[in-house]
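Geometric and topological summary
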Amino acid sequence: MAGVSESVKAALIEGYPKFAEATKQFFDKTLAPGDYKKISGGQGCYGEHGANSVMLRLRFAGGAIDKTQIKFLIDAMKEHPITFTHISTGQSLQLHHLDADTVIDLFPKAHAAGIYTRGAGGDNPRNMTGAPLRGVGKGAAFDVTPYFTAAQNYLMTLVTTLKLPRKYKIAFSSGCENEGHATCKELGFVAEQDGTFTVYAGGGLGANPRVATKVAAGVDPKDVLYYMYAMGKLYEDFGDYKNKARARSRYIVERLGADEFIRVFNEYVANAKETQQLDIVPEVAGVTKQGTGVPTTKRAVEQEQPGLYYVNYHPFGGDPDAKTFLRLLEYIYPLQDVTLRLNTDESMYIINLNAEEADEVAKIVEADNATTDFDTSISCVGCTVCQIGLRDSSGMLAKIRDAVVAAGDVDEALLPQIRVSGCPNSCGAHEVGLLGLQGFSKKVNDAVVPAFALSMDGSCDLHDTKLGNRVAVITEEELPVFFVELGRMLTTAKTPFAPWYAAHKDEFMALVKKFD
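This text gives an overview of the structure that appears in the document. The residue numbers shown here count from 1 along each chain, following its written sequence. In keeping with the predicted nature of the model, local features appear solely for residues at pLDDT of at least 70, side-chain atom pairs appear and are counted solely at 80 or more, and the whole-chain, interface and lining totals rest on all residues. Only hydrogens and water are set aside; all other atoms, that is, all heavy atoms of the structure, feed into the side-chain values.

**Let's talk about the environment of Gly 90**
The numbering of helices and of strands both runs from the N terminus, where a helix is a DSSP run of H or I of at least 4 residues and a strand a run of E of at least 2. Here Gly 90 shows up in the loop between strand E4 (85-87) and strand E5 (92-98). Here Gly 90 falls in the partly exposed class, since its relative accessible area comes to 22%. Along the primary structure Gly 90 and Asn 343 are separated by 253 residues, whereas in three dimensions their C-alpha atoms are 7.9 Å apart. In what follows, a contact means two residues having at least one pair of non-hydrogen atoms within 4.5 Å. Among residues more than four places away in sequence, those in contact with Gly 90 are Asn 127 and Thr 129. Using a 1.4 Å probe on the protein chains alone, a residue whose accessible area is under 20% of its type maximum counts as buried, one over 50% counts as exposed, and one in between counts as partly exposed.

**Quick word on the packing of aromatic side chains**
Between rings of Phe, Tyr and Trp, where Trp is taken as its six-membered ring, a pair exists when centres lie within 6.5 Å; planes separated by under 30 degrees are stacked, by over 60 edge-to-face, and by other angles tilted. Scanning the entire structure with this criterion turns up 24 aromatic pairs. Aromatic side chains Phe 148 and Phe 172 sit 5.4 Å apart centroid to centroid with 70° between the ring planes, which places their arrangement in the edge-to-face category. Separated by 24 residues along the polypeptide, Phe 148 in helix H6 (residues 145-159) and Phe 172 in strand E7 (residues 170-173) bring together distant segments of the chain. Each member of the pair, Phe 148 as well as Phe 172, carries the same accessibility label: buried. Between Phe 497 and Trp 500, the ring centres sit 6.4 Å apart and the planes meet at 40°, which makes this aromatic pair tilted. On the criterion of helical spacing, the pair formed by Phe 497 and Trp 500 is a turn pair, its members being three residues apart in helix H14 (residues 497-503).

**Here we look at the sheet that holds strand E18 (residues 447-456)**
A pair of strands is considered paired only if DSSP assigns at least 2 bridges between the two. One open sheet holds the five strands; their spatial order is E15-E16-E17-E18-E21, and the pairing between them is mixed. The strands lining the two open edges of the sheet, one partner per strand, are strand E15 (378-379) and strand E21 (469-475). In this structure, E18 lies alongside E21, joined through six bridges in antiparallel fashion. Paired with Ala 453 across the strands is Val 473, a residue of E21. In the packing of helix H15 (residues 505-515) onto the sheet, contacts are made with strand E17 (435-444), E18 and E21, and the angle to E21 comes to roughly 40°. Here, axes are lines fitted to C-alpha atoms. For helices the fit covers the stretch in contact, and angles between N-to-C directions go from 0 to 180 degrees.

**Topic: the pairing of strand E8 (residues 187-191)**
Among the five residues of E8, five are classified as buried, and the element is accordingly described as predominantly covered. Pairing analysis gives four bridges linking E7 to E8, with the strands arranged parallel. Bridging across to E8, Ser 173 finds its partner in Val 190. Note: E8 against strand E9 (residues 197-201), five bridges, orientation antiparallel. Bridge pairing links Phe 189 to Val 199 in E9. Hairpin connection, E8 to E9: the antiparallel pair is bridged by five residues, and Gly 195 has positive phi, about 85°.

**Considerations on the packing of helix H7 (residues 224-238) against helix H9 (residues 258-275)**
Two elements in contact, H7 and H9, have axes separated by 8 Å at closest approach and are oriented at 120°. Considering their axes alone, H7 and H9 lie oblique with respect to each other. Crossing hand, H7 versus H9: right-handed. Between H7, through Tyr 226, Tyr 227, Tyr 229, Ala 230, Met 231, Lys 233, Leu 234, Asp 237 and Phe 238, and H9, the contact on the second element is made entirely by Phe 261, Val 264, Phe 265, Tyr 268, Val 269, Ala 272 and Lys 273. Classification used: nonpolar for Ala, Val, Leu, Ile, Met, Phe, Trp, Tyr, Cys and Pro, charged for Asp, Glu, Lys and Arg, polar for all others including Gly. For the contact of H7 with H9, a count of residues per class yields 13 nonpolar, no polar and three charged. The scheme is simple: roughly parallel for angles under 35 degrees, roughly antiparallel for over 145, roughly perpendicular for 65 to 115, oblique for anything else. For any pair of crossing helices, the crossing counts as left-handed if the nearer helix is rotated counterclockwise from the farther one by less than a right angle, and right-handed if it is rotated clockwise.

Keep in mind these numbers describe shape, not what the thing actually does.
So this is what it looks like as structure tokens:
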């Protein structure tokens, strides 16, 4: 299937003049933040807390950033005062604290580089997520890349044609991982060993989250677009346009019941096959680069292609150091076939490296890269940046880390990865974390104080996706103390959190009760 057509590209930037004018008015204080959001949100841009800056969300399908887009990022970071970028759990890259001139300049330049911010926010088909190592990682049921690429190109046609009550999220899994969260999206495709997809639909995180329902199995990969079209139309027809709080597709499953939802979904698929011509003709573009030698860094992992490697770069909280990120981009830009893949855990993979390149990449990012499970903790940007955030999720994660370090008697390597969301919108995907935190409030001595709800036992494992259970609400003041005490228990036991928790749940819950 061909790439995004010129007519679709034109439609995706059609709203730019109105957006640019609204942005000027927002910064001139002649357009209220709420009114600006109605215009800017669908363009992937949001005003930030305080209404003195904006964020631009760059959508990269499955996190893939190609050479042209790497060059765009280099130029953007050199020409504008961009010091705060954030890797989202939707495999997008967010540029924060932008002024009017910057965002107005970057929007059309991003579009020219194949970065379509249109639809990166608002009630639209959002950035499509998927296995970040598709086509290069080992263990996949099959290479989903040709079908993922065709699906992404088709998705961009739906951005300007579907009229949805809320966002529409689609994900792919290569069958050996669930990095794209295919089992908890509006629509998910999971690759199977027999060369087919199992399809899930009607899931989603956020308020009243729901694991997706299995709606089809044995699906021929060439038929993927029919399922995308069908789910979009079903969403249009059955979505709640009166109550935005209950407009996501998971409420359709709730209203119809799982069995009826499955029947209706497959009815829509059958109709799509009768009325549309959406067969995928896969276009395979393999990696031609050849590598020799073995890297000295332990951070390099061998790819499916002999002699080539990838390196993972996981900055704390998904916020790469600006100087480190720019240095990385400038180093990899001229290298043959070397590109980036953002991941839903707020990290990025640098792929198609030879041994020498892998060593140099690891060296460039070393000081800003995770070394423990706790270092890989995930957080949204929080209420000091986000207009709708309830709590400072990013700041709380930093406070927990600082408290653990200051304690001096805690082995940080034993603490788990934490998923932190500042509000119920779940931009940190806290519901699928073994240990999740969500911005909350708590009544203490007749006063309402800032807090976080603690949830346990969530998982996005491909074959055991489950939502965490809320077990406590802990005040912001006490939360760092809670993690220090947990760290001391693990340090005494000399055991990482996951196996310790599995064997000592009563002890863990006793600690939780102390702070609840």
